[in-house]
Amino acid sequence: MRRLVFVSLLLALVAGLLFAQAGNSPAESRPAKTTSTAPRVAGLPSAAEQAMSAVDPENIRAQVKFLASDLLEGRGTGQRGGDIAAEYIATQFALYGLKPAGGNDSYMQKVPMVGIATQDDTTFTLVPDKGEPMILRNRTDFVAMDETTNTHDEVDAPIVWIGYGIDAPEFNWNDYKGADVKGKVLLMMVNQPPSDDPKFFNGKVMTYYGRWTYKFEEAARKGAVGVILIHKTDMASYGWNVVRNSWSGERAYLRDDPAPKLKVASWIQLDVAQKLAQACGMNLEQMMAAAQKRGFKAVPLPAKLKANMLSKVRPFDVNNVIAKLPGSDPKLRDEAVIYSAHYDHLGIVPGMPGDNIYNGAQDNATGCGILLEIARAFASASQQPKRSIYFAAVTAEEQGLRGSEFLGKHPPVPANISLDLNYDDVPPLGVPEEVNVAGAERTTFYPTVESTAKDFGLKIVPDSQPGAGHYYRSDHFSFARAGVPAFSIDEGVKYEGHDREWGLEQAKEFVAKHYHQPSDEYHPEMDFRGDAVMARFGIALGWLAADQPTLIGWKPGDEFAKARAGSN
Ligand SMILES: [Zn+2]
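Here the structure is a predicted model, which means the values were calculated and not measured.

A.B. asks: Help me get a handle on the overall build of the protein chain, residues and values and all.
C.D. replies: The helix and strand tally for the protein chain stands at 16 helices and 22 strands. Here the C-alpha radius of gyration of the protein chain, 24 Å, is about what a compact globule of 568 residues would show, namely 24 Å. With the principal axes as the frame, the protein chain shows a C-alpha extent of 80 × 50 × 50 Å. Counting every position in the protein chain, which comprises 568 residues, the buried fraction comes to 58%. By sequence separation, contacts in the protein chain at least 24 residues apart represent 82% of the contacts at least 6 residues apart. Split by element, the accessible area of the protein chain, about 23,300 Å² in all, is 54% carbon and sulfur. The averaged location of the 69 negative side-chain charges in the protein chain is 4 Å from the averaged location of its 59 positive side-chain charges.

Right, dumping it as structure tokens:
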């Protein structure tokens, strides 16, 4: 296998040199394509190999460079830059000859949203029964959102320490047991109880219970008026700057969502929480330690939250951009395989000093570049797979997976979606030797994924940060929630010419310095060969899924199997 790869590399290099010598090279000189040949994959027709061979890393580069340019203004949801990105992607789909699939003969699937921006004069004060009130500074000490879409809400409510804020019957864990939380503000910590037992909160892998989205949703369902999440860098897997950047501007929600909402959905810094505990005559470390143990009971604190929530609220519409390649089988073509990647990022944050454009080059212009290149490759193939293939560039991922949530609830496919393959944040670091398909092992498709990875010479590796809950942090999760088997395709950490340490270091550095920051920008040194490998790997998987006789399912007993049964 190795030797084969080497020979094909050499051939490609020679071909590249010849091509350059023939004087056909474009004005901007392109590096030689070193991985232009696709591997032989068992069970694939030659048209699929054609499609895989059509994938060119330099095309992905061109897309990333444009989508991440300052002119696109960070592709903010409900901002001009986001709308331009959507139009651009629709135009690309049209140029490839793909059919519109957003409804009404358009590539655009309208997603009705409401934007909520917390005003600077919002006040947030922790008031212990004894001692001085703690007046917190917006963005420095706290961030908060009024999810109700009221422009003004006053909250004056007692605070209850609720530990993780998790009610998980399948793990026999309920922080809410016996607690009176109606109309209260719940102080809680992020993440989930620590575990080495795969049967208890999936061991080291974060479940959805560990995610802040779940914690807000659950507290609202239980009738709480507000939540204060304590930010602790190691437990959240990202720093305060990420929280601040994600919560300072407008946050967008699906409009007319009937789910209960919080008047105060907030985060505070760790030291603020420590001071609050102290003022209550308690110790935060001890409170947290106690909350990690079974049998924890919620503790009403001798303190209140007084918040004057002032919000700017505006309804608006954005779009998922969806194209379709009709399947070749008259019976199976009503079913589909779908590729997805979010095109939105954090946009422009008005009033922020310095560079305030969140370009989102890696997150997620890379995924869009891959999605577009896959779409182009499928459209250029001489033959189509049996089931239809859909390409969905979704919006509002950074707002809490809103675009894909809407798509999962309103799929444009007449019958079942067999599989969703998603791309989010695929580092342009060179040729990968590993692939991460976390979640694939939960589906009946996994044997095919394993054999295809083998054909590609890619080792399947688990998420290098299992505790970060990545499965619940990108758009495939919206499909999974709707019952559709779904996972993201990403590189591991081992790259050709480097050891694993190097890859881990790159990943760590990205999270620390660039993730959700204006510095996630395009650089010419970026190497998109790995993104191309991930695209070809995805084409192989999608094609195999689209041609196989039966629909893919979740393995029996999986948390999403019930939703699948409901959708059939
Ligand atoms: Zn992303």
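A.B. asks: Tell me about the coordination of the zinc ion, residues and numbers included.
C.D. replies: On the protein side, the zinc ion has His-342 (NE2), Asp-363 (OD), Asp-424 (OD) and Asp-424 (OD) as donor atoms, found 2.0 to 2.7 Å from it. Of note is the zinc ion, whose four donor atoms meet at the metal with angles of 52 to 152° in an arrangement that counts as irregular. Mapped onto the polypeptide sequence, the residues donating to the zinc ion form the spacing pattern H-x20-D-x60-D. Here Asp-424 lies in the loop between β18 (417-422) and β19 (434-436) and His-342 lies in strand β14 (residues 336-342), a separation of 82 residues in the sequence. Neither residue differs from the other here; His-342 and Asp-424 are each classed as buried.

A.B. asks: Before we move on, can you summarise the pairing of strand β2 (residues 108-118) with the specific residues and values?
C.D. replies: The buried count for β2 comes to ten of eleven residues, which makes it a mostly enclosed element. Judged from the eleven bridges that link them, β2 and strand β13 (residues 299-325) form a sheet pairing that is antiparallel. Bridging from a neighbouring strand, Ala-117 pairs with Lys-312 of β13. Sheet topology places β2 next to strand β11 (residues 250-254); five bridges connect them, and they run antiparallel. When the bridges of β11 are listed, Met-113 appears paired with Leu-254.

A.B. asks: Let's hear about the pairing of strand β17 (residues 388-394): which residues, and what values?
C.D. replies: Taken across its seven residues, β17 has seven buried, putting it largely inside the fold. By the alternation rule, side chains of β17 split into Ser-388, Tyr-390, Ala-392 and Val-394 and Ile-389, Phe-391 and Ala-393, which are all buried.

A.B. asks: Requested: an account of the side chain of Thr-122, with residues and values cited.
C.D. replies: When you line up the elements, Thr-122 lands in the loop between β2 and β3 (123-128). Polar side-chain contacts of Thr-122 include one of 3.0 Å to the backbone oxygen of Gln-119. Within the local environment of Thr-122, its side chain forms a polar contact with the backbone nitrogen of Leu-310, the two atoms lying 3.1 Å apart. Those residues in contact with Thr-122 that sit more than four places away from it in its chain are Phe-142, Asn-308, Met-309 and Leu-310.

A.B. asks: Go over the sheet that holds strand β22 (residues 490-491), please, and point to the residues and values.
C.D. replies: Whenever strands of a sheet pair, they do so through backbone hydrogen bonds, lying parallel or antiparallel. Strand order in the open sheet made by the three strands is β20-β19-β22, with mixed pairing throughout. Looking at which strands have only one partner, the edges of the open sheet turn out to be β20 (459-460) and β22. Pairing between β19 and β20: two bridges, direction parallel. Of the residues in β20, the one forming a bridge with Val-435 is Ile-460.

Conventions we followed
- Residue numbering note: each chain is counted from 1, following its sequence as written.
- For a predicted model such as this one, the threshold for reporting local features is a pLDDT of at least 70, and the threshold for listing and counting side-chain atom pairs is 80 or more; totals across whole chains, interfaces and linings nevertheless cover every residue.
- Heavy atoms throughout the structure, all of them, feed into the side-chain values; hydrogens and water do not.
- Labels follow the DSSP assignment, with helices taken as runs of H or I lasting at least four residues and strands as runs of E lasting at least two, numbered in each case from the N terminus.
- To get the radius of gyration, use the C-alpha atoms; to get the globule rule, take the number of residues to the power 0.38 and multiply by 2.2 Å.
- Burial classification: accessible surface area is computed with a 1.4 Å probe over protein chains only, and a residue below 20% of its type maximum counts as buried, one above 50% as exposed, and the rest as partly exposed.
- Here, residues are in contact when the closest pair of their heavy atoms is within 4.5 Å.
- Residue-level accessible areas treat just the shown protein chains as cover; the underlying method is Shrake-Rupley with a 1.4 Å probe.
- Counted charges follow a simple rule, with Lys and Arg positive, Asp and Glu negative, and His plus the chain ends left uncounted.
- Working definition for charges: the position is that of NZ of Lys, CZ of Arg, CG of Asp or CD of Glu.
- Donor selection uses N, O and S atoms within 2.8 Å of the metal (3.2 Å for Na, K and Ca). Since no water is included, sites may look incomplete.
- Irregular is the label for any site that misses the other tests, which are tetrahedral for four donors with all angles between 85 and 135 degrees, and square planar for four donors or octahedral for six when opposite donors exceed 155 degrees and the remaining angles lie between 65 and 115.
- Should DSSP find at least two bridges between two strands, the strands are taken to pair.
- Think of a polar contact as two N or O atoms within 3.5 Å of one another; within protein, one of them needs to be a possible hydrogen donor and the other a possible acceptor, and neighboring residues in sequence only count if both atoms come from side chains.

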